[in-house]
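Spelled out from the first residue to the last, the chains are:
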Amino acid sequence: AEMTTEDIIALKEKRASLTKSIRALGEKSFCLTAESISAAMRQTADHTALLYDLLSEFDERLSKEKLSRGICDFNDIRKYALKLLVAPDGSPTAVARELSERFSDIYIDEYQDVDRVQDMIFRSISNGANRFMVGDIKQSIYGFRGAEPRVFAGYKTTFPTHGTEAAQTSSNEAIHMSNNFRCDESIIRFTNKVCSLLFGICAENIGYCPEDDLVFSKELPSKEYISPKVRLSVLTAPETPPEDYTLNAERGRDAEANYIVGLIKELQTTKKADGKNFELKDIAVLYRSGSMKKHLIQAFDENGIEYSGGENEEYFEDPDVLLVLALLNVIDNPHKDIPLAGTLRSPLFSVTLDELVAIRQLKAPSASLYDCVKECAAQNSGAASAKCSEFISVLEDWRDMTGSFPVDKLIKSIYSSARFAAAGISDSNNLRVLYEYARNFESNSFRGLYNFIEYINKMIEEGVKINAPAGEESSKKVSLMTIHHSKGLEFPACILCGVAGEFNRSDFRDSMLFEYSAGVAMKLPDGTGFARVNTPMREAVASRILRAQTEEEMRVLYVALTRARERLYVTASSSKTADRLLSDAADKRAYESGYTLMRSKSYLDWILTALSGENVSDICEIDFPEVTSYLGAPISRRDDKQSEAYMSAEPDESLLTQLRASLTYEYPYRELSRIPSKISVSRLSPDVLDESDTSLKLFEEHSATPIPAVFSGTGDKKASPTQRGTATHLFLQFCDFERTEKFGVAEELARLIEDGFIPASAADEVFCEELERFFESELYSKIKSAHRVIREQRFNIYLPTSMFSKDTEFIETARDERLAVQGVIDLILVDKRGELCIYDYKTDRLTRAELESEELLTRKMRTLHSEQLTYYKLAAERLFDKKCSTAEVYSTQAATLVDMSL
């Protein structure tokens, strides 16, 4: 009863940290003592020192190699500049002092995005009082590029404020430029209401003070003009949901995208400040992450709303770009069949498909397509021969250019050629971007057509996003873009969507964490080789990362809220009801603190918390439409009365007689009919073909094939263990091991869902904690050290029927018959010794006793799965023509391997 609110919050923080540590230890009991912490610190220091030695050696060798080739990258330039201008003790060098004398004043914009290296360089060439640094720390949103807003915050908080007595005698001062000439008053007041709470609590690192609030300074179009209110729309779950109501994140985003379509259409009938209606070009839809983008694109396409910004990720799939890349490949090496076929079929040479097939058949399959083209040209008869001759002539001219022309000049020559113009290929922005990339490429040390092609292939392989400049056609469309891309831009109307999306916290799942101010810390092996233990040092680093990332998200939100000039709409979709959202926000506002803000999961949490308990009716409209109003119509169910009519219909006697005759036919080889054409491994047993075995049904009863809920998205609200096991297996089937180890299970799961490998309904069904332990398991260690890794190995093999029957009479009857067995082996490893090993993932739910007893676990797994692994082992030996030394199952729940002892 005597505890204060601060005491309660502190206890909650300790409990959360303790719970997380317990989970990291695999729910083992433990006690943090001075000795254990000291030992963990020593072990962390040893690992960090080893890491430092490794990276230092790598950097030294890499630097020598680059110097020997006469090349350097951007980071090298920074490093050399720092060494040249800043002495080891931080003071300016003689070179820096000489440079500083050349400048009377140094003006630097966007200073909130510099890092410490850049700041040291700028400081070294100034005289200590001639730098004019302009920045808005609230717009520092490039932490992922290394920006350190604390640098600018340090100046801002230590310099005396302009106009004060302290500033009169100081050589430095801080000038607050808070006047905003872009946004309407309602947007300014709404932004201040939200961000003053967020930035105020995090003032220590952001350097926020009341003078940083925006001041409305925009000139009004008329005295009668009233600033439109900001509209916050949260699509919520209905208070009394329908009987067949289901809602997941994907359906929520669908509904939100449909709602945004309605907003856009509403805006098109609304007047702007200048008296004209809003047009599509006046509207921008901003999103934080790509999970919302595909839903917006689908809704826009279905409703005929033109947009720009949704196609940039497919730059390398643009037909014009593909054609030029194919042509460059052919010019570099005409013996590349696929680029050559694409070039011949293009409008440049107009070879028809029939002609291409005829050309290819002129020589043996071992010959290249280019050899066939030359053979066709030599025949000197027919349309195909003329086209081939013309192609070879043009190709020789372009190939001759590569000897004296750089890549950009070659591309420019191709673009300006009469053939290119006659082919009707558009002079698109994407082609100009490719030319600019070639120009930039030729300006560095790597030159030549071959190197440029390799450079582009590397970009495609790594999924580099190309942002082509918008053409004239995009000036009449809705702008669809991320918040980061919107920085520095402004629009008459902005719709900020998807604000209920949870923040990405995957960085904290890495075994090793790094933060500039806190250093390096990692999980430590527990001595068994099966688990890693979290440490207080790693928790401290994680805490710093959490704070830095949370502050970055606050600044991203600020940028998003200040892009609109006249109208701002904020939308979200939630699985909670309106009352629940408002109640949660009221609780957070009542106990507002750094803890509550850091533990908030979305922009919506922050916005509702900031507005809770405040009278904002004059600046903001808040509505909570039910999400069901914006979802597609439910699937109609069959009319029961109609079904009864079908059931009561009289049968056709003649057809019924034919049917009975067919069904009473005696098949002369009935014994052999017990052998199916093929069978899955999961259905096999040593007596599966015997009469007494009922597990094999060649003719199943007529019934609708059930679709697993993990694929249909229409399962129960609470998934069964089988459904969750299926979803977990899907993750292990498609995940990128290295990417998951680096970024965490949650990030990889989001990628797999976004790319369509896993249905969105599986997001809440995957056993994420078990998958996290998989990447710390003995099996994953074997995967990383294996010489060869084969996943999802499908097989079809023929086995004698005698293996699946104990009936001697049947074995004799079917002695010449074979059974086709098919299956999929989850994982095959070939270790460094060349040994063949097979593994199968199992998500079977285990009892507490089985989890605690290795003997019980082994007995259960062998009972359930030894037969299946026997056939897998046989299949693997057939496939690889070598003995299989290991056959084990991996229990995801127990996070351990069980030898099948086959």
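Right above here is the structure, for reference.
## Focus: the packing of aromatic side chains
At step 1: Enumeration according to the criterion identifies 26 aromatic pairs in this entry.
At step 2: With 5.9 Å between their ring centres and 50 degrees between their planes, F300 and Y307 make a pair best called tilted. With respect to burial, F300 and Y307 carry one shared label: buried.
At step 3: Aromatic rings pair up to connect F737, F774, F775, Y780, Y841 and Y890 into one cluster.
At step 4: The aromatic ring of F737 is capped on one face by R791, whose charged end is 3.9 Å from the ring centroid.

## Considering helix α36 (residues 854–880)
At step 1: For α36, which comprises 27 residues, the first-to-last C-alpha distance of 32 Å sits more than 12% below the rise-based estimate of 39 Å (1.5 Å per residue).
At step 2: Largest kink in α36: about 60 degrees, centred on H865.
At step 3: Of the surrounding secondary structure, the elements contacted by the buried residues of α36 are β17 (788–800), β18 (818–830), β19 (836–842), α35 (848–852), β20 (884–891) and β21 (896–899).
At step 4: Of the residues trailing α36, D881 is marked for its positive phi of about 55 degrees.

## Observations concerning the nonpolar core
At step 1: Counting residues in hydrophobic clusters, the biggest one holds 52 residues, and the most contacted among them are F190, L232, L557 and L568.
At step 2: The element that contributes the greatest number of residues to this core is helix α8 (residues 185–201), accounting for eight residues.
At step 3: With residues near it in sequence (within four places) discarded, L557 still touches V194, L198, L496, Y603, W606 and I607.
At step 4: The next biggest cluster of nonpolar side chains, apart from the first, holds 49 residues, and it includes F316, L344, L431 and Y435.

## A look at the sheet that holds strand β15 (residues 620–623)
At step 1: The parallel open sheet is built from seven strands, whose spatial order is β7-β8-β6-β9-β14-β5-β15. Sheet topology places β7 (307–308) and β15 at the edges, where each strand pairs with a single neighbour.
At step 2: Relative to strand β8 (residues 478–482), β7 runs parallel, the two being bridged by two bridges. If you follow Y307 over to β8, its bridge partner there is V478.
At step 3: The strands touched by α8 are β5 (230–235), β14 (564–573) and β15; relative to β14, the strand with the most contacts, the crossing angle is about 50 degrees.
At step 4: Against the sheet, helix α22 (residues 536–561) contacts β6 (283–287), β9 (491–496) and β14, and its axis sits at roughly 140 degrees relative to β9.

## Some points on the pattern of salt bridges
At step 1: Inspection of every chain in the model, using the stated rule, returns 51 salt bridges.
At step 2: Linking K272 and D282 is a salt bridge whose minimum nitrogen-to-oxygen distance equals 3.2 Å. Here K272 is found in the loop between α10 (249–267) and β6, whereas its partner D282 is found in the loop between α10 and β6, with 10 residues between them in sequence. Across this residue pair, the class does not change: K272 and D282 are buried.

Rules and cut-offs
- Every chain's residues receive numbers from 1 upward, in the order its sequence appears when written.
- Side-chain atom pairs in this predicted model are given and counted only at pLDDT of 80 or more, local residue features only at pLDDT of at least 70, and totals for whole chains, interfaces and linings cover all residues.
- Neither water nor hydrogens contribute to the side-chain values; these are computed over all heavy atoms in the structure.
- Pairing of aromatic side chains requires ring centres within 6.5 Å, counting the rings of Phe and Tyr and the six-membered ring of Trp. Pairs whose planes differ by under 30 degrees are stacked, by over 60 edge-to-face, and all others tilted.
- Summary of the burial criterion: residues with accessible area below 20% of their type's maximum are buried, those above 50% are exposed, and those between are partly exposed, where the area comes from a 1.4 Å probe applied to protein chains only.
- Charge-over-ring placement is defined geometrically: NZ (Lys) or CZ (Arg) within 6 Å of the ring centre, and within 35 degrees of the ring normal.
- In DSSP terms, a helix is any run of H or I states spanning at least four residues, a strand is any run of E spanning at least two, and both are numbered starting from the N terminus.
- Every helix has an expected span of 1.5 Å times one less than the residues it contains.
- To get the bend at a given residue, fit one axis to the seven residues ending there, fit another to the seven starting there, and take the angle between those axes.
- We call two residues contacting when some pair of their heavy atoms lies within 4.5 Å.
- Only buried residues count toward a nonpolar core. Its members are Ala, Val, Leu, Ile, Met, Phe, Trp, Tyr and Cys residues joined through side-chain atoms within 4.5 Å.
- Following DSSP output, two strands are said to pair if at least two bridges run between them.
- The convention used is that axes are lines fitted to C-alpha atoms, helices contributing only their stretch in contact, and that angles between N-to-C directions extend from 0 to 180 degrees.
- Between Lys or Arg on one side and Asp or Glu on the other, a salt bridge is scored when a side-chain nitrogen of the former is within 4 Å of a carboxyl oxygen of the latter.

Interpretation note: all reported values are geometric properties and have no functional meaning in isolation.
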